[in-house]
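Structural description and commentary
Each chain, letter by letter, is given below.
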Amino acid sequence: MAVWRDDVEPNLKQADDYDRIGAIRATTYQGRKAADMEWTADVDGTRVYTLGRGILLGEGRSFSLRWTTPDADWEDAANQEALRTFFRTFRPGSV
């Protein structure tokens, strides 16, 4: 959570119309500690919605996954199914 707050978010705040959605949330991913952050911003004239998941791999290593779609498509059932599939099937390298 601290990485999102202290390292990532300050850079995101420089983007056009950046807006964090809700709080940064602690979670787990495949049994590892993780944190999610969601935000919207304007990218090349398009409002986009991003869900970022930071994952602690151990031994000082981490991984960041980001899923970005046009904001208008975020709630679309096909987009949400693709996101669930992405999170369910992605495997970071071995620790």
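Residues numbered from 1 in each chain as written. Predicted model: local features only at pLDDT ≥ 70, side-chain atom pairs only at ≥ 80, totals over all residues. Heavy atoms only, no water.

**Considering the overall build of the protein chain**
A tally of helices and strands in the protein chain yields two helices and four strands. Order of helices (α) and strands (β) in the protein chain, N terminus to C terminus: α-β-β-β-β-α. Its C-alpha atoms give the protein chain a radius of gyration of 14 Å, near enough to 12 Å, the size a compact globule of 95 residues would have. Over its C-alpha atoms, taken along the principal directions, the protein chain stretches across nearly 40 × 30 × 20 Å. The contacts of the protein chain with a sequence gap of at least 6 include a subset with a gap of at least 24, amounting to 36%. Looking at the protein chain, you have 13 positive and 16 negative side-chain charges, and the mean spots of the two groups are 10 Å apart. (Helix = DSSP H or I, 4+ residues; strand = E, 2+ residues; numbered from the N terminus. Rg over C-alpha atoms; globule rule 2.2 N^0.38 Å. Contact = heavy atoms within 4.5 Å. Lys, Arg positive; Asp, Glu negative; His and termini not counted. Charge placed at Lys NZ, Arg CZ, Asp CG, Glu CD.)

**What to know about the pairing of strand β4 (residues 61-70)**
Summarising the sheet, strand β3 (residues 46-58) and β4 pair through ten bridges and their orientation is antiparallel. What sits directly across from Gly 58, in β4, is Arg 61. Counting the residues in the hairpin turn of β3 and β4 gives two residues, including Glu 59, whose phi is positive at 55°. (Pairing = 2+ DSSP bridges.)

**Observations regarding the confidence of the model for the protein chain**
In this model, the protein chain carries an average pLDDT of 89, and 96% of its residues clear a pLDDT of 70 or more. Least confident of the elements in the protein chain is helix α1 (residues 2-12), whose mean pLDDT is 84; most confident is helix α2 (residues 77-89), at 94. (pLDDT = per-residue confidence, 0-100.)

**A few points about the pairing of strand β1 (residues 19-29)**
Pairing of β1 with strand β2 (residues 32-43) involves eight bridges; the strand directions are antiparallel. What sits directly across from Thr 28, in β2, is Lys 33. Here β1 hands over to β2 after two residues, with Gln 30 in that stretch at a positive phi of 50°.

**Some remarks on the pattern of salt bridges**
As enumerated under the stated definition, the model contains seven salt bridges in all. Put simply, Glu 81 and Arg 84 hold a salt bridge, and the shortest N to O gap is 2.8 Å. With a gap of three residues between them, Glu 81 and Arg 84 both fall in helix α2, about one helical turn apart. One salt-bridge network, in which partners are shared between bridges, spans Arg 25, Asp 36, Glu 38 and Arg 53. (Salt bridge = Lys/Arg side-chain N within 4 Å of Asp/Glu carboxyl O.)

**Some thoughts on the sheet that holds β3**
Taking strand neighbours across the sheet as the criterion, the four strands line up as β1-β2-β3-β4 in an open arrangement whose pairing is antiparallel. Across the chains shown, the open sheet's two edge strands, defined by having one partner strand only, are β1 and β4. Between one strand and the next, the sheet's axes are offset by a mean angle of 20°, whatever the strand orientation. Against the sheet, α1 contacts β1, β2, β3 and β4, and its axis sits at roughly 10° relative to β2. Running at roughly 165° to β4, α2 makes contact with β1, β3 and β4 of the sheet. (Axes fitted to C-alpha atoms, helices over the stretch in contact; angles between N-to-C directions.)

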